[in-house]
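The primary structure of each chain is shown beneath.
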Amino acid sequence: MRKSLRVAGIATACAVAGAALYGTGAATADTADTASARHTAEPHNIGLLVGEIDDYYGAHQDADGVWRSSPDSPYAKDLARIQAKAKKDIKKAAAHGAKNGRHGKKPAIVLDVDDTSLLSFDYEKSTNYTYNSATWDAYVKAAKRPAVFGMPELVKYAKGKGVEVFFLTGLSEAQREGAVTNLAKAGYDTQLDTKHVFTKNKTAPPAYLSNCATPAKWECTTVQFKEGTRKHIESTGYDIVGSFGDQVSDLAGGYADKTYKLPNPTYFVE
């Protein structure tokens with residue numbers, strides 16, 4: 001489940017407000033110790049937090065009013081640091097695989113799409129960090145998102161070392177065309193067919209997800225979906241030497257030698 005910054009913030013504020021009201025009404029019956037136990041710190045102010053996020057991304061609007069991140073922003077610098085480490089690991093893993101045939105499998109990397117490969121910062125800013133399935137669907141299908149800084153270059157580097165590239169996204173099967181079109185437009189020069197781009201197909205889930213999904217009912221969590229798909233990729237003859245995502249749920253569950261968490265302070269996916 002995707003939780004937006006504003007929804008998560010409002011939920012926290014409401015919870016704190018509710019606790020405060022309850023404490024006021026029951027004050028005469030509470031001991032000092034009980035009242036003290038209910039005390040909590042005020043949550044971070046949403047307005048200030050949005051300003052901090054703007055500074056982190058180097059937020060600015062282009063001539064068409066589209067929100068962009070700056071290539072010299074703290075966000076871009078954090079990405080570059082992570083990518084530099086990943087390239088060293090990929091080089092080492094690829095050389096080891098070529099020499100020793102690691103597990104007898106070909107090395108591969110797996111990338112999430114949203115805010116790992118394609119940046120949705122304009123959507124977050126334009127909607128005031130509030131997720132809506134209809135507007136998000138239209139945004140994905142418009143296929144106009146820029147690449148996350150440095151990620152097409154990382155893919156090119158990996159392919160140059162003989163490493164296969166896969167994309168694993170929580171986008172639906174109906175959003176596949178928009179995602180694939182966007183990846184190609186954003187500079188991902190790699191195979192983008194159904195064997196290399198995995199989406200959530202809730203109406204016809206693959207057999208390897210049968211423990212949590214059937215055509216009648218999809219019950220896979222994000223972790224189960226992505227873990228099961230990585231396991232499937234490895235079963236077809238690959239060793240996933242690196243898994244990349246902007247959410248912890250993108251990376252949990254194993255079936256990757258190393259994981260790389262990219263920064264994303266704008267939403268949370270369980």
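First, a word on scope: everything that follows refers to the structure included in this document. In this text the structure is predicted, and so the values were computed from the model without any measurement.

Within strand β5 (residues 164-172), 7 of the 9 residues are buried, which leaves the element mostly enclosed by the surrounding structure. The sheet contact formed by strand β4 (residues 106-111) and β5 spans 4 bridges and is parallel. What sits directly across from Ala108, in β5, is Glu164. Crossover handedness for the path β5 to helix α8 (residues 176-185) to strand β6 (residues 197-200): right-handed.

Applying the stated criterion to the full structure yields 1 disulfide. Here Cys212 connects covalently by a disulfide to Cys220, the sulfurs 1.9 Å from one another. Linking Cys212 and Cys220, the disulfide has an S-S dihedral of approximately 80° and is accordingly described as right-handed. Taken individually, Cys212 and Cys220 each receive the classification buried, so the pair is uniform in this respect.

With parallel pairing, the 5 strands of this open sheet are ordered in space as β6-β5-β4-β9-β10. The sheet terminates laterally at β6 and β10 (259-261), the two strands that pair on one side only. Neighbouring strand axes in the sheet, compared pairwise and without regard to direction, differ in orientation by 20° on average. Bridge count for β5 against β6 is 3 bridges, and the pairing is parallel. Among the inter-strand pairings, Ser172 is bridged to a residue of β6, identified as Lys200. Along the sheet, helix α7 (residues 151-160) contacts β4, β5 and β9 (238-245); its crossing angle with β4, the most-contacted strand, is approximately 170°.

A separate point is the environment of Lys85. With respect to the helices and strands, Lys85 occurs in helix α4 (residues 74-100). Separated by 175 residues in the primary sequence, Lys85 and Tyr260 place their C-alpha atoms 9.2 Å from one another.

Bringing the nonpolar core into the picture now. Soluble, globular proteins show a tendency: their nonpolar side chains are buried together. Ile109, Leu111, Met151, Phe167, Tyr188, Phe244 and Leu262 are the most contacted members of the largest nonpolar core, which has 43 residues in total. Among the elements that make up this core, the one with the highest residue count is α4 (7 residues). Aside from chain neighbours lying at most four places away, what touches Leu111 is Ser117, Met151, Val155, Val165, Phe166, Phe167, Leu168 and Phe244. Grouped together as the second largest cluster of nonpolar side chains are 14 residues, Val110, Leu209, Trp218 and Ile240 included.

Restricting attention to buried positions, one finds in α7 the residues Met151, Pro152, Leu154, Val155 and Ala158. Across the axial projection of α7, the buried residues extend over an arc of 160°, all falling on one side. For α7, the exposed residues lying more than 90 degrees away from the buried face are Lys156 and Gly160. Gly162 sits one or two positions beyond α7 and adopts a positive phi of about 80°.

Now for unusual backbone geometry. Even without being glycine, Asp115 reaches a positive phi, approximately 65°. Examined against the element boundaries, Asp115 turns out to sit in the loop between β4 and α5 (121-126). Of note in the backbone geometry, Tyr255 takes a positive phi value of approximately 60° without being a glycine. The residue Tyr255 is located in the loop between α10 (248-251) and β10 in this model. For Tyr255, a relative accessible area of 31% gives the class partly exposed.

Rules behind the numbers
Residues numbered from 1 in each chain as written. Predicted model: local features only at pLDDT ≥ 70, side-chain atom pairs only at ≥ 80, totals over all residues. Heavy atoms only, no water. Buried < 20%, exposed > 50% of the residue type's maximum accessible area, 1.4 Å probe, protein only. Helix = DSSP H or I, 4+ residues; strand = E, 2+ residues; numbered from the N terminus. Pairing = 2+ DSSP bridges. Right-handed = clockwise from strand over helix to strand, strands pointing away. Disulfide = S-S within 2.5 Å. Axes fitted to C-alpha atoms, helices over the stretch in contact; angles between N-to-C directions. Contact = heavy atoms within 4.5 Å. Core = buried A, V, L, I, M, F, W, Y, C linked by side-chain atoms within 4.5 Å. Arc of directions from axis to C-beta.

Any functional reading would require information beyond the geometric quantities listed.
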